Amino acid sequence: MDVETLDARRVSQEDAVAIGQLLAATWPNPEKPAEYRAQQLLSVKDAFSAADSLAPRSFIVREHERVIAHAAIVPRKIGTANGEMTIAGLAQVCTALSARGRGLGEKVVRAAFSLVDASEFPHALFQTSSEVRPFYEKLGACRAKNRVINSLADDPDVSPFWDRVVMRYPMHRPWPEGDIDLRGPGY
């Protein structure tokens with residue numbers, strides 16, 4: 001199965017709905033049904049105007065017209081002790097329950113990480129759970145031990161990430177020490 005890359009600024013209504021359905025099934029939340037999640041994807045068209053190489057993207061696998069695996073890259077300018085850096089924020093990695101165990105999550109994450117491998121971004125930064133951490137380590141990521149803040153929040157010292165493990169990719173590139181300022185909410 002091939003991984004498709006969708007520029008989030010040009011995603012169709014049909015693709016946004018299909019991705020929204022997968023996200024809603026993976027993380028059920030009555031306040032964020034599939035329609036809400038689809039609208040979030042579609043709203044990127046008006047909110048992002050950077051160069052094509054830094055565009056937000058979705059990486060998907062379809063089976064019989066249904067999206068069964070997804071990963072998103074959301075570019076984010078972060079503050080570091082070494083200065084500002086635009087990283088690839090990895091988000092919304094999921095596989096349909098009926099398609100798990102087939103390596104599709106690895107396929108979409110590898111596709112997302114390929115943007116870092118091609119030097120479009122210096123790093124990917126993301127959050128995950130302790131249980132999923134080994135999956136990302138197998139793909140070449142490692143834990144980012146920095147404190148993560150959001151200087152734009154009411155309480156900047158509260159981490160904008162809700163999962164316990166913050167990771168970066170790739171593990172072999174130099175990474176700044178000190179606080180990482182996401183300059184916005186977690187993703």
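Remember, it's a predicted structure, so these values are computed and weren't measured experimentally. (Residues numbered from 1 in each chain as written. Predicted model: local features only at pLDDT ≥ 70, side-chain atom pairs only at ≥ 80, totals over all residues. Heavy atoms only, no water.)

Time to look at the pattern of salt bridges. In the structure shown here, the tally under the stated rule is 12 salt bridges. In this structure, the salt-bridge partner of R62 is E4, at a minimum N-O distance of 2.6 Å. One end of the pair, R62, is in strand β2 (residues 57-63); the other, E4, is in strand β1 (residues 4-7), with 58 residues separating them in the sequence. The partly exposed category is assigned to R62, whose relative accessible area is 21%. Notably, a salt bridge pairs D7 with R10, separated by 2.4 Å at the nearest N-O pair. Salt bridges sharing common partners tie together E4, D15 and R62. (Salt bridge = Lys/Arg side-chain N within 4 Å of Asp/Glu carboxyl O. Helix = DSSP H or I, 4+ residues; strand = E, 2+ residues; numbered from the N terminus. Buried < 20%, exposed > 50% of the residue type's maximum accessible area, 1.4 Å probe, protein only.)

Bringing helix α1 (residues 13-26) into the picture now. For the α-helix, the turn length of 3.6 residues means that residues three or four positions removed from each other point alike. Compared with an ideal rise of 1.5 Å per residue, which puts 14 residues at 20 Å, α1 spans 20 Å between its outermost C-alpha atoms and is within 8% of the ideal. Turning to α1, its buried residues number three or more, namely D15, A16, A18, I19, G20, L22, L23 and A24. (Expected span 1.5 Å × (residues − 1).)

For the coordinates displayed, the defined rule picks out five aromatic pairs. Ring geometry for F113 and Y169: centres 3.9 Å apart, planes at 5°, overall stacked. A residue pair is termed long-range when its members are at least 10 positions apart, and F113 in helix α3 (residues 104-117) and Y169 in strand β8 (residues 165-169) qualify at 56 residues. Neither residue differs from the other here; F113 and Y169 are each classed as buried. Through successive ring pairs, a cluster of aromatic residues spans F113, F126, F135, Y136 and Y169. (Phe/Tyr/Trp six-rings, centres within 6.5 Å; stacked < 30°, edge-to-face > 60°.)

Moving on, we get to the nonpolar core. Membership of the largest hydrophobic core comes to 40 residues, with the highest contact counts inside it found for I73, L90, F113, F126 and Y136. For this core, the secondary-structure elements that each account for two or more residues are α1, α2 (34-47), β2, β3 (66-80), β4 (83-95), α3, β5 (124-128) and β8. At eight residues, the largest contribution of residues to this core is made by α3. Excluding residues within four positions of it along the chain, F113 makes contact with L90, A124, F126, Y136, L139 and Y169. If you look at the next biggest cluster of nonpolar residues, it comprises 13 residues, including I78, M85, L125 and V148. (Core = buried A, V, L, I, M, F, W, Y, C linked by side-chain atoms within 4.5 Å. Contact = heavy atoms within 4.5 Å.)

In this section: α3. Taking 1.5 Å as the rise per residue, α3 with 14 residues should run 20 Å; its terminal C-alpha atoms sit 19 Å apart, in good agreement. Those residues of α3 not exposed but buried are L104, G105, V108, V109, A111, A112, F113, L115 and V116. Of the residues trailing α3, S119 is marked for its positive phi of about 65°.

So, about the side chain of S58. Mapped onto the secondary structure, S58 falls in strand β2. Using a relative accessible area of 5% as the deciding quantity, one classes S58 as buried. Among the polar contacts listed, one links the side chain of S58 to the side chain of H70, at a separation of 2.9 Å. With near-sequence residues (within four places) excluded, S58 lies in contact with E4, T5, L6, I19, L41, H70, A71 and A72. (Polar contact = N/O pair within 3.5 Å; in protein donor to acceptor, adjacent residues only side chain to side chain.)

Here the focus is the environment of S119. Mapped onto the secondary structure, S119 falls in the loop between α3 and β5. The sequence separation of S119 and A24 amounts to 95 residues, and the corresponding C-alpha distance is 32 Å.

Of all seven residues that make up β2, five are buried, and the element is covered over most of its length. Two strands pair when backbone bridges link them, and β1 and β2 are joined in this way by four bridges, in the antiparallel orientation. By the bridge assignment, E4 is partnered in β2 with I60. For β2 and β3, the ladder comprises seven bridges, and the chain directions are antiparallel. Following the sheet pairing, E63 is matched in β3 by R66. Connecting the antiparallel pair β2 and β3 is a turn made up of two residues, with H64 showing a positive phi of about 55°. (Pairing = 2+ DSSP bridges.)

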